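Chain residues, written in single-letter form:
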Amino acid sequence: MTGLRNHLRRRIALEGPLTVARYMEECLGNPRHGYYMTRDPLGRAGDFTTAPEISQMFGELIGLWAAVQWRAMGGPGAVHLVELGPGRGTLMADALRAAGQVPEFRAAAHVHLVETGPVLRERQRETLATAHPDVAPKWWNDLSQVPDGPAIAIANEFFDALPIRQFLRGPDGWRERLVGWDEDAGGLAFVRSGAQPTTPLIPPPLDAAPEGGVVEICPAGLRKAHTLAARLAAQGGAALIVDYGHDRSAPGDTLQAVKGHEYAGVLDDPGDVDLTAHVDFQQLANVCIRAGAATFGPVGQGDFLSALGIRERAAALTARAGEDQRADIEAALDRLTGADQMGRLFRVLAVQHPRLPRPSGFEQAV
Ligand code: SAH
């Protein structure tokens, strides 16, 4: 039995079944055994691959987007360039290189990395020290710690890693889905809470879910989105949130576990598999609007990157590439933008100060 499974068994014995959010928190963030506390899970040899790890084009285009936003903000002499959940630091390194095309922006940008995992923090430090020895990034555990001032923030595959709660609609109304311990089977098992949740927890239109429906809310994600949006509305700036999910709130169980690029059981190997859930962009956008910010999108990642010129960038890279690299660039372009790849499932939401103009990449968006 793994250390975390033991710990969960004890905790459930003491406190009773855990919410799915507490379970995810333990699995991902337990200081000794949590998934993100103990490893770098990215890349081919790891558990999953993200857009910045697929191609430099992703981070470069986001770096240029940030430079354009900075100009729209009036080109402040100092701006916080913030990344939430920066992984290996690849996106930030690529973004800063591209931002070099707008030297005033590059000079104004102070880099802040919001990261809780010690192994990934070290990776980020190495990546940035190698690529940009002149940059002195600062690390924080939470967005609320980033110093005041105008900011441009990026979050790629960050919100999907935040803990969700799940509610099931049964014949007797709503019940929370919990993680308990099944003595007979000797393992973790889903159980239903005996008590009705307080109704305001489940926002419309999800409260109209039919019997048998599962509804998810991500309190930590909504809280962080609120902090981000309130700060952009009060102090200026813009943010891009990129993740897999749905534009409109809809019932559905999207909790998933991934290990070695394959799906795994969500209760099978606590602390040793990545646990994520789809991002509900409608809930996220609503909270940002309530905090005083404007939102644009979400749009598909494929459309967003195409509008920013990923094909032109791929052509420029191809022109100076060898035969092998050409095939790689073509494959990366397809993975990032293809409708059957990441192009449609991944959504991009812009959040910004209400007086900023429509951000680039969102020309067609509502
Ligand atoms: N953005 C990166 C990594 C995505 S994986 C990329 O695209 O490659 C999720 C990232 O979020 C990791 O860096 C992980 O350590 C970090 N993370 C997860 N939960 C977090 C939390 N609550 N606060 C800060 N960072 C967190």
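Thresholds applied
Residues numbered from 1 in each chain as written. Predicted model: local features only at pLDDT ≥ 70, side-chain atom pairs only at ≥ 80, totals over all residues. Heavy atoms only, no water. Near = heavy atom within 4 Å. Polar contact = N/O pair within 3.5 Å; in protein donor to acceptor, adjacent residues only side chain to side chain. Areas by Shrake-Rupley, 256 points an atom, 1.4 Å probe, with all protein chains shown as cover. Nonpolar A, V, L, I, M, F, W, Y, C, P; charged D, E, K, R; others polar. 1 Å grid on protein atoms, 1.4 Å probe; cavity = no way out; pocket = protein on both sides within 12 Å on 5 of 7 lines; lining within 4 Å. Points joined across faces, edges and corners; volume = space filled by probe spheres on them. Helix = DSSP H or I, 4+ residues; strand = E, 2+ residues; numbered from the N terminus. Pairing = 2+ DSSP bridges. Buried < 20%, exposed > 50% of the residue type's maximum accessible area, 1.4 Å probe, protein only. Contact = heavy atoms within 4.5 Å. Phe/Tyr/Trp six-rings, centres within 6.5 Å; stacked < 30°, edge-to-face > 60°. Axes fitted to C-alpha atoms, helices over the stretch in contact; angles between N-to-C directions. Parallel < 35°, antiparallel > 145°, perpendicular 65-115°, else oblique. Left-handed = near helix turned anticlockwise from the far one by under 90°. Expected span 1.5 Å × (residues − 1).

A. Examining the site of the ligand more closely. With respect to spatial proximity, 16 residues lie near the ligand, and among them T50, G85, G87, E115 and N156 are the closest. Contact between the ligand and G85: a nitrogen atom at 2.6 Å from a main-chain N or O atom of the residue. Separating an oxygen atom of the ligand from a side-chain N or O atom of E115 is a distance of 2.5 Å. Starting from 580 Å² of accessible surface for the ligand in isolation, the protein chains cover 93%. Here the residues of the shell around the ligand sort into eight nonpolar, five polar and three charged.

B. A look at empty space enclosed by the protein. This model, assessed by the stated rule, comprises two cavities of 30 Å³ or more. Empty space within the largest cavity amounts to approximately 190 Å³. Lining the largest cavity are 19 residues, and of these I164, C218, H278, V279 and D280 lie nearest its centre. Counting only elements with at least two residues in the lining of the largest cavity, the list comes to β9 (214-217), α9 (219-235), β14 (279-280) and α10 (281-290). Residue classes in the lining of the largest cavity are distributed as ten nonpolar, six polar and three charged.

C. Broad picture of the pairing of strand β11 (residues 256-259). Here β11 pairs with strand β13 (residues 274-276) via three bridges, running antiparallel. The partner of A257 across the bridge, within β13, is L275. With three bridges joining them, β11 and strand β12 (residues 262-264) adopt antiparallel strand pairing. In the strand pairing of β12, A257 is matched with A264. Turn length for the β11-β12 hairpin, with the two strands adjacent in sequence and antiparallel, is two residues, and the turn residue G260 shows positive phi of about 55°.

D. Region of the structure containing the environment of R71. Here R71 shows up in helix α5 (residues 56-72). Among the residues examined, R71 registers a relative accessible area of 52% and is labelled exposed. With residues near it in sequence (within four places) discarded, R71 still touches V102 and E104.

E. Broad picture of the packing of aromatic side chains. According to the stated counting rule, one finds five aromatic pairs in the structure shown. Here Y35 and Y36 contribute two aromatic rings whose centre-to-centre distance is 5.2 Å and whose plane-to-plane angle is 80°, an arrangement assigned as edge-to-face. Take Y35 and Y36: they sit in the same class, and that class is buried. A centroid spacing of 5.4 Å and a plane angle of 50° characterise the contact between F304 and F362, whose relative ring orientation is tilted. Pair noted here: F304 is in helix α11 (residues 301-307) and F362 is in the segment after β16 (346-352), with a separation of 58 residues, a long-range link. Pair check on accessibility: F304 and F362 agree, each one buried.

F. Examining the sheet that holds β11 more closely. Within the open sheet, the three strands sit side by side as β12-β11-β13. Their pairing is antiparallel. Two strands bound the open sheet, and with one partner strand each, they are β12 and β13. With strand direction ignored, the average angle separating the axes of adjacent strands in the sheet is 40°.

G. View of the packing of helix α6 (residues 90-99) against helix α8 (residues 118-131). Contact geometry for α6 and α8: axes closest at 9 Å, N-to-C directions at 20°. Between α6 and α8, the angle falls in the class roughly parallel. The handedness of the crossing between α6 and α8 is right-handed. Contacts between α6 and α8 involve T90, M92, A93 and L96 from the first element and T127, L128 and A131 from the second. Of the residues contributing to the contact of α6 with α8, the split by class is five nonpolar, two polar and no charged.

H. Spotlight on helix α13 (residues 323-337). Helix length check: α13, at 15 residues, gives a terminal C-alpha distance of 22 Å against a target of 21 Å (1.5 Å per residue), a fit within 8%. Looking at the buried residues of α13, the elements they touch are α4 (51-54), α5, α11 and α12 (310-319).

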